[in-house]
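Structural overview for review
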Amino acid sequence: MGYSVGKVAALSGVTVRTLHHYDEIGLLSPSGRTAAGYRSYSDDDLDRLQRVLFYRELGFGLDTIAEMTGDPAVDALEHLRRQRSLLADRIGELTRMAETVERVIAAKEAGAALTPEERFEVFGEFREPEGYAEEAVRRWGDTPHWRAAAVPRTKQEWIEAEKVREEWVRRLLSVFDSGAPAGSPEAMDLAEEHRRMLSAFMGDCDLTTHRELATLYATEPVQLGFLVREPDQRPGLGEYIRDAIHANAERVTG
C-alpha cells in the first residue's frame, strides 16, 4: 500500500515541506512513485519515519539520525546511551534554572509585600538597585540564610527593623566620628550587635558568615548602602565596619 506525501504528513504530524527536505538530504526517501510521478511511501517508510522522529525528539541532529537509521553497523544503543547522559545533564541544568527562578520570584514577592506608598513610608527615598534581586539570588540563593531573609514581612515588621537599623547607624557614626579605632570595645560591641541584627533576618549568622559579609561593606557600595544610607556615609566607613567585625570575631574566639 502506498501513501501520498500529504497522507504521511497528516499521519505523522510533520509538514509536507519537512518530508520533502528529508527526501532531498537522503534521510527518508519514498520507496516508490505513482504513475504520475508523485512520491509514494510504503509501510516500511513509515516505520523509518517513526524512528527518525523519535531520535529527533531526543535531540539528535539529522546527520546522526541518518547514520543511526541508515547503517546497520552503527551501534544505535551507544548513541542512545550518550544521548541519555546529555539529557540527564540538561535536566539537571533546567532544574537548577527553575530553582533560581523560584528564588527570584520569592525575592520579588518579599519585596512586593509593601505597597509603593508603604515602601516610601518605611524606607523613604531608598530603593534597591534595579536587578539586585536577581544578582543576589545568583550569589546566595542556594543558602539557608537567603531563604530565611526572603520570607515576606509585614509593614510593622519592616518599620521596627528600620528603627533598629537607624539607631544602630546613629551610634556607629558617633563612634566613628569620635576617632575610636575599629578595634575599640565600642566599635566591636556595635559589630556584635550588627551580627544579632542580621540573625534576626537570616537565621543564625555565625562569625565566619559575618566576616564574609563584612568584606562586602568595604568592597561593594551597594551592600554598604543597605546598611548605611548614602547621606550618612563617610569616607572609609565600609572599611571601618569590616575591621570592627573582624576584630569582634577575634575577640569572641579568643
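Just so we're clear, the structure is a prediction, and the values are computed from it rather than from any experiment.

1. Remarks on the overall build of the protein
When you go through the protein residue by residue, the secondary structure sums to 13 helices and two strands. Put simply, the protein has 254 residues, and 37% of those count as buried. By sequence separation, contacts in the protein at least 24 residues apart represent 60% of the contacts at least 6 residues apart. Element-wise, carbon and sulfur atoms account for 54% of the exposed surface of the protein, whose accessible area totals about 15100 Å².

2. Section: the nonpolar core
Grouped together as the largest cluster of nonpolar side chains are 22 residues, with contacts concentrated most on Trp168, Leu172, Val228, Leu237, Tyr240 and Ile241. When residues of this core are assigned to their parent elements, the largest contribution, six residues, is made by helix α9 (residues 155-177). In terms of nonpolar packing, the next biggest core, distinct from the first, is built from 17 residues, Val5, Tyr41, Val52 and Met68 among them.

3. Some words on the packing of aromatic side chains
Two numbers describe a pair of aromatic rings. These are the distance of the centres and the angle of the planes. Within this structure, the stated rule accounts for five aromatic pairs. Taking 4.9 Å as the distance between ring centres and 85 degrees as the angle between the ring planes, the aromatic pair formed by Phe176 and Tyr240 counts as edge-to-face. Taken as a pair, Phe176 in helix α9 and Tyr240 in helix α13 (residues 237-253) lie far apart in primary sequence, 64 residues in all. The exposure class assigned to Tyr240 is buried, which follows from its relative accessible area of 10%.

Criteria and cut-off values
- In this numbering scheme, every chain counts its residues from 1 along its sequence in written order.
- Only residues with pLDDT of at least 70 are given local features in this predicted model, and only at 80 or more are side-chain atom pairs given and counted; all residues enter the totals for whole chains, interfaces and linings.
- The basis for every side-chain value is the complete set of non-hydrogen atoms in the structure, without hydrogens or water.
- Helix and strand definitions here come from DSSP, where helices need a minimum of 4 consecutive H or I residues and strands a minimum of 2 consecutive E residues; each element is numbered from the N-terminal end.
- For each residue, the accessible area found with a 1.4 Å probe, counting protein chains only, is set against the maximum for its type, and the residue is called buried under 20%, exposed over 50%, and partly exposed in between.
- Whether two residues are in contact is decided by their heavy atoms, any of which lying within 4.5 Å being enough.
- Residue exposure ignores everything except the shown protein chains as possible cover, and the areas themselves are Shrake-Rupley values with a 1.4 Å probe.
- Put simply, a nonpolar core is a bunch of buried Ala, Val, Leu, Ile, Met, Phe, Trp, Tyr and Cys residues held in one set by side-chain atoms that sit within 4.5 Å of each other.
- Note on aromatic contacts: the rings of Phe and Tyr and the six-membered ring of Trp form a pair at centre separations within 6.5 Å, being stacked when their planes are under 30 degrees apart, edge-to-face when over 60 apart, and tilted otherwise.

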